[in-house]
Amino acid sequence: MPQDKLHRLMARGTEFLGCEVAIMCGAMSWVSERNLVSAISNAGGFGVIACGAMTPELLDTEIAETKKLTAKPFGVNLITMHPQLFQLIAVCAKHEVGHVVLAGGLPPKGSIEAIKDMGAKVVCFAPALALAKKLVRSGVDALVIEGMEAGGHIGPVATSVLAQEILPELAHELPIFVAGGIAKGGAIAGYLEMGASGVQLGTRFVCAHESIAHPNFKKAFIRASARDAIASVQVDPRLPVIPVRALKNAGTEAFTAKQREVAARLDAGEIEMGEAQLQIEHYWAGALRRAVIDGDIEGGSLMAGQSVGMVTKEEPVAEIIATLMAEAVEALEKRAA
């Protein structure tokens, strides 16, 4: 039976995450908070809190409030360059968080060990095969391979290419979750058959009823097509800004201007490189909040993956997950016929 086959294909992922469906929610700043995270976990998936630039005190509150809304497992996504990373890990330990996802570059020395010492599983992003192998050697428990179709900060390689490169090499060693551009169950079934243990979706959940994203933000997603989600342009090679995929608006152009301004200040010796990069990151955090929370869809950042064209309505999380599973079963049925 295709349904049984789907559960078998997801078994490693569901066992690793401790949930019923091996669908992780991508950590989206301002969006992946207590309401959406708990709704996804309650619906059988795996919610992940986006810590982003939160202080340890804010994360402490967010985890506590999420636990009031769900008794199911959920994870916490931490940014590796966060200046208080180890304090944030300690907050996760205090709450006995079972899974910590490290994003934004190679984990700093001692961070993987600190998470393992608290008894949690470590999940890391691998945008290339060589890096994936390095992370496996360093002791991570699972990988997320995310292609450039994703929303927010992106790498240079497409999901389909990463899956072909990494899954045959490493899927036998540890659970691997595929992310970037996934919005239909047929794609989920395909990646599972290639050896993935599960998937991670972000954009598909933005317009869930339980998402606190501003109605303007959701409307922009529902109106958009895949080609509207574009990657930001790097203005100055000395400013190694990680590209960000978002819906094109006035904010996209403002970011290009911001890069020029920061580069000019770097030229004039007014700021150091570290401060320059920090200013860029702070720009994104503020622009994203303006869009998601305040509904400023012209001046804010509308971070979205290319799968945004398949987001056509606002619906409950449970319905989204049920639809994805039904589509995956249907895809497996067709392939078996």
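Everything below is about the structure printed above this text.
In this text the structure is predicted, and so the values were computed from the model without any measurement.

Student: Where do I start with the nonpolar core in this structure?
Tutor: One recurring pattern in soluble globular proteins is that nonpolar side chains are buried together. In this structure, Leu59, Leu78, Leu143 and Phe205 are the most contacted members of the largest nonpolar core, which totals 100 residues. Considering every element that reaches this core, the biggest residue donor is helix 12 (residues 317-336), with 9 residues. Setting aside its immediate chain neighbours within four residues, Leu78 contacts Cys51, Leu59, Leu85, Leu88, Ile89, Cys92, Val100, Val101, Leu102 and Ala103. Counting residues in each nonpolar core, the second largest holds 12 residues, with Phe46, Val48, Val101 and Val123 among its members.

Student: Is there a simple way to explain empty space enclosed by the protein in this structure?
Tutor: The rolling of a water-molecule-sized probe over the atoms marks out the regions of remaining empty space. Scanning the entire structure with this criterion turns up 1 cavity of 30 Å³ or more. Residue lining of the largest cavity: 13 residues in total, with Ala246, Leu247, Thr252, Trp284 and Ser301 positioned closest to the centre. Where the lining of the largest cavity is concerned, the elements lending two or more residues are strand 10 (229-231), strand 11 (244-247) and helix 10 (250-267). Here the lining of the largest cavity gets 3 residues from one element, more than from any other, and that element is strand 11. Broken down by class, the residue content of the lining of the largest cavity amounts to 7 nonpolar, 6 polar and no charged.

Student: So what exactly am I meant to see when it comes to helix 3 (residues 56-69) here?
Tutor: For an α-helix, 3.6 residues make a turn, and residues three or four places apart therefore share a direction. For helix 3, with 14 residues, the first-to-last C-alpha span of 20 Å sits near the 20 Å given by 1.5 Å per residue. Within helix 3, the full set of buried residues consists of Pro56, Leu59, Glu62, Ile63 and Thr66. Looking down the long axis of helix 3, one finds its buried residues gathered within 120 degrees of arc, a one-sided arrangement. Turned more than 90 degrees away from the buried face of helix 3 sit Glu57, Leu58 and Lys68, all of them exposed. On its buried face, helix 3 sits against helix 2 (34-42), strand 2 (48-50), strand 3 (75-79) and helix 4 (85-94).

The rules behind each value
- Residues numbered from 1 in each chain as written.
- Predicted model: local features only at pLDDT ≥ 70, side-chain atom pairs only at ≥ 80, totals over all residues.
- Heavy atoms only, no water.
- Core = buried A, V, L, I, M, F, W, Y, C linked by side-chain atoms within 4.5 Å.
- Buried < 20%, exposed > 50% of the residue type's maximum accessible area, 1.4 Å probe, protein only.
- Helix = DSSP H or I, 4+ residues; strand = E, 2+ residues; numbered from the N terminus.
- Contact = heavy atoms within 4.5 Å.
- 1 Å grid on protein atoms, 1.4 Å probe; cavity = no way out; pocket = protein on both sides within 12 Å on 5 of 7 lines; lining within 4 Å.
- Points joined across faces, edges and corners; volume = space filled by probe spheres on them.
- Nonpolar A, V, L, I, M, F, W, Y, C, P; charged D, E, K, R; others polar.
- Expected span 1.5 Å × (residues − 1).
- Arc of directions from axis to C-beta.

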